[in-house]
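Residues per chain, in single letters:
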Amino acid sequence: MTSKLQNGTGNHTTHTSDILSKDTPIEDLPHINSSNEFILTNPNENYIVPIKKWLQQTFSKKLLLKRIPILSWLPNYDKTSAVSDFIAGITVGLTVIPQGLAYSSIVGVPPQYGLYSSFVGCLVYIIFGSCPETAIGPTAMAAMLTGDAIKGKGPQYATLLCLLTGIVQVLMGLFKFGFLIDFISGPVSSGFISASAIVILTSQMKDILGIQASGDSFVAIWKEVIENIEDTKTWDAVMGFICLIVLLIMRGIGKLKIGPSNKDVPLNRTQQFLNTTFWLIGIARSTIVVVICTYISYYQNRENENPFTITGYVPSGFPTIQPPSLHYIEVKNNTVVKYENFFHMVTDLSCGIFAVPLIGLLEDIGVCTAFANGKPVDATQEFIAVGLSNVANSFVQGFPGTGALARSAVNHSSGVKTTFGGFYTGALVISSLFFFTPYFYYIPKPTLAAIIIAASIFMVEYKVVRPMWKAKKSDLVPGIATFIGCLILPFQYGILIGVGINLTSIMYHAARPKISMEKLRSSEGENYLLLKPDRCLMFPSVNYVRHLVTKHSLRQGIPVVIDCTYIYGADYTAATVIKILTEDFASRKQPLFFYNIKPSVGSVIHTLATEEFQVYYDCDEFDEMLRRWRIKRNMQTEDL
């Protein structure tokens with residue numbers, strides 16, 4: 001057995017049997033340059049890792065604490081943390097209940113499914129979650145993507161999508177496929193989020209106005225709204241717009257601060273009380289508005305005919321714990337009118353099976369990063385935690401959820417210490433299912449629509465346009481394309497348009513590397529042309545590089561040096577083109593040298609290289625090569 005080793009001076013072939021045996025001490029092995037690029041193996045040795053060692057590595061205490069984070073903080077859990085988590089959990093619970101009821105309308109399922117989606121996920125996240133601030137549950141974006149995927153086909157599809165979303169997310173975590181999210185760039189993400197906010201806002205206009213309107217895109221919904229605008233219910237519109245204005249005012253009140261601007265000066269009790277009151281008004285604004293409007297609706301229902309469109313019956317009690325149905329049955333008048341098996345359902349969900357988990361993870365990682373304070377985020381653990389939360393959600397008839405930025409901010413401002421705050425959030429949601437559902441009957445739909453619109457308005461990321469324009473104007477292209485695509489087409493296609501433009505840009509830059517050119521003089525007075533590519537030599541770019549090298553070398557007619565400092569990779573096509581290039585230079589008797597080529601790159605090129613392939617690593621080597629070339633050139637001139 002032989003192994004081909006390269007160093008700065010050329011090639012050297014060594015028989016491994018001459019230098020390696022079972023009894024050879026490591027210190028007696030010969031020094032080999034760049035040995036980390038090669039593996040010398042002995043065919044007589046068996047390097048299979050013992051099962052015992054693998055089990056020890058897989059189930060080590062360190063890995064166990066990393067994958068089940070509750071084990072690391074639970075032993076040190078104290079009363080202070082418990083009180084903080086209780087306050088934060090209850091506060092988030094007061095926020096998620098009205099939001100869950102509202103988001104169910106975006107998905108296109110009855111309101112109780114919004115509550116079913118709001119408690120199991122946060123309980124699972126207690127065990128597996130790595131970010132205390134993250135509030136798991138339904139979000140506007142996840143709801144919109146889910147509604148876009150199930151296309152009004154009901155809870156069975158939403159629950160199945162929740163299961164598949166969780167499975168995909170867990171698998172992405174286990175197999176470290178998180179890099180896929182990296183292909184969704186900042187401009188694409190901003191365009192998608194902004195378009196989602198506008199579509200969500202648009203979808204709620206029918207409930208604000210009390211009219212019937214359908215459609216699965218921005219244009220289609222507005223067309224229906226305009227056509228049915230004459231059917232607007234006055235009292236629905238009045239309540240809806242008043243609720244929207246009040247919610248925005250309460251949001252502003254929540255940001256008010258009374259007292260000295262100097263943080264070092266302590267606040268008096270009155271100032272502390274007012275600031276706390278303002279903060280509570282801002283945090284619990286959705287619950288406050290829902291309670292007041294529900295009372296108005298209930299009172300009107302008792303006195304006379306209710307002028308508002310109300311939510312209607314919401315079943316009380318805990319949802320049935322069962323696996324998601326793997327088939328769809330539609331029954332009318334005790335007759336099965338439609339039946340679809342699992343494969344038909346998956347086909348109907350289409351790209352949503354991948355779009356929902358990817359965007360959900362993107363949203364969750366964004367939340368974790370926002371509250372990480374510069375610390376690294378364990379993306380793998382978050383993928384697993386969110387995925388398991390969605391899998392568990394599907395067993396209580398929930399639809400997909402993820403980390404909600406607004407509720408996570410509430411968690412953070414409430415002083416949450418650990419993920420155990422989710423226990424109190426889940427407990428409050430479960431309590432509402434048992435004790436408050438009779439009152440949910442009277443919640444006006446315009447109020448829930450106003451809650452969604454008030455939250456969606458601030459999702460539009462218009463502030464990124466100006467810095468993006470200043471930094472790099474071309475980044476606006478994928479952002480605007482994604483924004484327009486998501487407004488006109490289903491969301492997954494809008495995202496694909498943006499990602500496609502980004503990938504096209506990346507491929508173009510990979511195929512057209514920049515090459516700096518400089519005419520220099522050696523220490524012995526010989527002129528030469530230095531060409532320096534700025535990236536790897538792969539099949540899309542090698543012919544372009546060959547064209548530029550040939551063009552400039554013919555124009556100058558002097559020795560050429562290709563600086564390979566920034567070339568960290570090469571492939572078979574590159575090796576072939578370099579072989580042709582060296583042969584072309586040799587045929588016209590023009591020297592071509594390669595400087596500072598990496599061992600990994602050299603090992604690829606040497607598979608096809610001829611003797612004309614010359615590499616050097618320092619000036620002395622280069623001068624010696626030029627000297628030999630001059631001598632050879634002079635001898636040829638004398639012969640002529």
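Residues numbered from 1 in each chain as written. Predicted model: local features only at pLDDT ≥ 70, side-chain atom pairs only at ≥ 80, totals over all residues. Heavy atoms only, no water.

Explain the overall build of the protein chain here, please?
Within the protein chain one finds 29 helices and 11 strands. Of the contacts formed within the protein chain by residues at least 6 apart in sequence, a portion of 77% connects residues at least 24 apart. Working note: accessible area of the protein chain is about 33,500 Å², and carbon and sulfur atoms make up 62% of it. (Helix = DSSP H or I, 4+ residues; strand = E, 2+ residues; numbered from the N terminus. Contact = heavy atoms within 4.5 Å. Areas by Shrake-Rupley, 256 points an atom, 1.4 Å probe, with all protein chains shown as cover.)

For this particular structure, what's the right way to read the confidence of the model for the protein chain?
Here the protein chain shows a mean pLDDT of 83. Residues at 70 or above account for 89%. Segment residues 1–48: pLDDT under 50, and 53 contacts once partners within four positions in sequence are set aside and those in other chains are kept. (pLDDT = per-residue confidence, 0-100.)

Would you mind going over the packing of aromatic side chains with me for this structure?
Note on aromatic pairs: each is described by the distance of the centres and the angle between the planes. Applying the stated criterion across every chain yields a total of 19 aromatic pairs. Here the aromatic rings of Phe423 and Tyr424 are separated by 5.3 Å at their centres, their planes lie at 80°, and the arrangement is edge-to-face. Every member of this aromatic cluster is reached through a ring pair, and the members are Trp73, Tyr77, Phe86, Phe420, Phe423 and Tyr424. We note Arg251 situated over the ring of Phe458; from NZ or CZ to the ring centre the distance is 3.6 Å. Directly above the aromatic system of Phe585 lies the positively charged group of Arg588, at a separation of 4.4 Å from the ring centroid. (Phe/Tyr/Trp six-rings, centres within 6.5 Å; stacked < 30°, edge-to-face > 60°. Lys NZ or Arg CZ within 6 Å of the ring centre and 35° of its normal.)

Would you mind going over the sheet that holds strand E10 (residues 592–595) with me for this structure?
Each strand in a sheet pairs with its neighbour through backbone hydrogen bonds, running either in the same direction (parallel) or in the opposite one (antiparallel). Spatially, E7-E8-E9-E10-E11 is the arrangement adopted by the five strands of the open sheet, whose pairing is mixed. The open sheet has two edge strands with one neighbour each: strand E7 (515–521) and strand E11 (614–616). Neighbour to neighbour, the strand axes of the sheet diverge by 30° on average, direction disregarded. Across seven bridges, the pairing between E7 and strand E8 (residues 527–533) is antiparallel. Bridged to Ser516 within E8 is Lys532. Packing of helix H27 (residues 572–587) onto the sheet brings it into contact with strand E9 (560–563) and E10, and relative to E10 it is tilted by some 140°. (Pairing = 2+ DSSP bridges. Axes fitted to C-alpha atoms, helices over the stretch in contact; angles between N-to-C directions.)

Can you help me understand the pattern of salt bridges in this one?
Side chains that carry opposite charge are capable of pairing whenever their charged atoms lie near each other. Applying the stated rule across the entire model yields nine salt bridges. When the shortest N-O distance is used, the salt bridge between Asp378 and Arg67 registers 3.4 Å. Taken together, the residues Asp378 in the loop between helix H17 (352–370) and helix H18 (379–394) and Arg67 in helix H3 (residues 61–67) connect sequence positions 311 residues apart. A relative accessible area of 21% places Arg67 in the partly exposed class. With its nearest N and O atoms 3.2 Å apart, the salt bridge here joins Asp584 to Arg546. (Salt bridge = Lys/Arg side-chain N within 4 Å of Asp/Glu carboxyl O. Buried < 20%, exposed > 50% of the residue type's maximum accessible area, 1.4 Å probe, protein only.)

Any chance you could explain the state of the cysteines here in plain terms?
A covalent bond bridging the sulfur atoms of two cysteines is what the word disulfide describes. Considering all chains together, one arrives at zero disulfides under this definition. Here Cys243 is not disulfide-linked; the sulfur of Cys293 is the nearest cysteine sulfur, at 3.3 Å. (Disulfide = S-S within 2.5 Å.)

Got a minute to help me understand the nonpolar core in this structure?
When a protein is soluble and globular, its nonpolar side chains tend to lie buried together. Ile97, Ile150, Phe192 and Leu349 are the most contacted members of the largest nonpolar core, which has 91 residues in total. Setting aside residues up to four positions removed in sequence, Leu349 forms contacts with Ala149, Ile150, Tyr157, Leu160, Leu161 and Leu164. (Core = buried A, V, L, I, M, F, W, Y, C linked by side-chain atoms within 4.5 Å.)

Can you walk me through the packing of helix H7 (residues 120–128) against helix H20 (residues 421–435) in this structure?
Axes are the key here: two packed helices are described by the angle between their axes and the distance separating the axes. Running from amino to carboxyl end, H7 crosses H20 at an angle of 165°, the nearest separation of the two axes being 8 Å. By the angle class used here, H7 and H20 are roughly antiparallel. The handedness of the crossing between H7 and H20 comes out as left-handed. Across the interface between the two elements, Cys122, Leu123 and Ile126 from H7 touch Gly422, Phe423, Thr425 and Gly426 from H20. Considered class by class, the residues forming the contact of H7 with H20 number four nonpolar, three polar and no charged. (Parallel < 35°, antiparallel > 145°, perpendicular 65-115°, else oblique. Left-handed = near helix turned anticlockwise from the far one by under 90°. Nonpolar A, V, L, I, M, F, W, Y, C, P; charged D, E, K, R; others polar.)

Looking at this structure, how should I read H18?
Note on helix geometry: an α-helix contains 3.6 residues per turn, so any two residues three or four positions apart are oriented the same way. Given a rise of 1.5 Å per residue, 16 residues ought to cover 22 Å, and the 23 Å separating the end C-alpha atoms of H18 matches this to within 8%. Within H18, 13 of the 16 residues are buried, which leaves the element mostly enclosed by the surrounding structure. (Expected span 1.5 Å × (residues − 1).)

Help me understand the environment of Val577, please; the structure alone is not making it clear to me.
If you trace the backbone, Val577 turns up in helix H27. For Val577, a relative accessible area of 9% gives the class buried. Residues Val577 and Ile605, 28 residues apart in the sequence, show an inter-C-alpha distance of 9.5 Å. In this structure Val577 touches Val542, Asn543 and Arg546, once residues within four positions along its chain are discounted.

How should the packing of helix H5 (residues 79–107) against helix H8 (residues 140–150) be read in this particular structure?
Interhelical geometry of H5 versus H8 gives an angle of 30° and a closest axis separation of 7 Å. Regarding the angle of H5 to H8, the classification is roughly parallel. H8 is crossed by H5, and the crossing has right-handed handedness. The segment H5 lies against H8, with Tyr103, Ile106 and Val107 engaging Ala140, Ala143, Met144, Thr146, Gly147 and Ile150.

Looking at this structure, I do not really get the side chain of Ser456. What am I missing?
By the secondary structure assignment, Ser456 is in helix H22 (residues 445–456). Residue classification places Ser456 among the buried positions, given a relative accessible area of 1%. In this structure the side chain of Ser456 is engaged in a polar contact, spanning 2.8 Å, whose partner is the backbone oxygen of Ile452. (Polar contact = N/O pair within 3.5 Å; in protein donor to acceptor, adjacent residues only side chain to side chain.)

Whenever I open this one, the side chain of Ser118 confuses me. Can you help?
Inspection of the secondary structure puts Ser118 in the loop between helix H6 (112–116) and H7. Apart from the residues within four sequence positions on either side, Ser118 is in contact with Val96, Gly100, Pro138 and Val429.

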